[in-house]
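Analysis of the macromolecular model
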Amino acid sequence: MSMPTQGSGLDSGYHPDAGAPHTAADVKGSSLGDLMRQVTTDLSTLMRQEVELAKAEIRQEGKKAGKAAGLFGGAGFGGYMVALFVSIAIWQFLDNVMDSGLAALIVAVIWAVVAAVLYSMAKKNAQHVRGLKQTNDSVQRIPDALKPHPEGVTR
């Protein structure tokens, strides 16, 4: 799958009509209306490319995440079954040496500790989610002049 690419901003030299960089003669001989048309065309193309990049990146990451989620789901169900039967076996073993209620309580406390450790590990891992790295890097290259600066706007 190919992803759209772009230059690093205004210095990329993108010119939709000629396919070559804008020269001083091009700009000098153009009317204000032509220049504005070129700027809006370039901005429109840039925004379309950014949206396409984000879509492609989301599709790629979504496929990977979906496959991993399915595999984790299957592994989780298998682990659940193992944990269930091991818990019953431990409960039955402890039931031979002590009261049944106390044996069940001991197994429940063990599972509470396991759940707390797993929750802690999951919380740490969730903080390392990558997000849309390529799209974010690409958007950072859009010139500051094109980004809104509400604190500097006067009416």
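Above this text is the structure in question.
Residues numbered from 1 in each chain as written. Predicted model: local features only at pLDDT ≥ 70, side-chain atom pairs only at ≥ 80, totals over all residues. Heavy atoms only, no water.

Contact geometry for helix H2 (residues 32–95) and helix H4 (residues 133–140): axes closest at 8 Å, N-to-C directions at 165 degrees. Regarding the angle of H2 to H4, the classification is roughly antiparallel. Considering how the two elements wind past one another, H2 and H4 form a crossing that is right-handed. Two secondary-structure elements touch here, H2 through Glu50, Leu53, Ala54 and Glu57 and H4 through Lys133, Gln134, Thr135, Ser138 and Val139. Partitioning the contact of H2 with H4 into residue classes produces three nonpolar, three polar and three charged. (Axes fitted to C-alpha atoms, helices over the stretch in contact; angles between N-to-C directions. Helix = DSSP H or I, 4+ residues; strand = E, 2+ residues; numbered from the N terminus. Parallel < 35°, antiparallel > 145°, perpendicular 65-115°, else oblique. Left-handed = near helix turned anticlockwise from the far one by under 90°. Contact = heavy atoms within 4.5 Å. Nonpolar A, V, L, I, M, F, W, Y, C, P; charged D, E, K, R; others polar.)

Here we take up the environment of Gln92. Residue placement: Gln92 occurs in helix H2. Taking the C-alpha atoms as reference, Gln92 lies 7.9 Å from Ala103; in sequence the two are 11 residues apart.

This part takes up the packing of H2 against helix H3 (residues 100–126). Axis separation between H2 and H3 bottoms out at 8 Å; the angle between their running directions is 145 degrees. Where H2 crosses over H3, the handedness of that crossing is right-handed. Counted together, Ala83, Ser87, Ile90, Trp91, Leu94 and Asp95 of H2 and Ser100, Ala103, Ala104, Ile106, Val107 and Trp111 of H3 form the full contact between these two elements. Here the contact of H2 with H3 is built from residues that sort into nine nonpolar, two polar and one charged.

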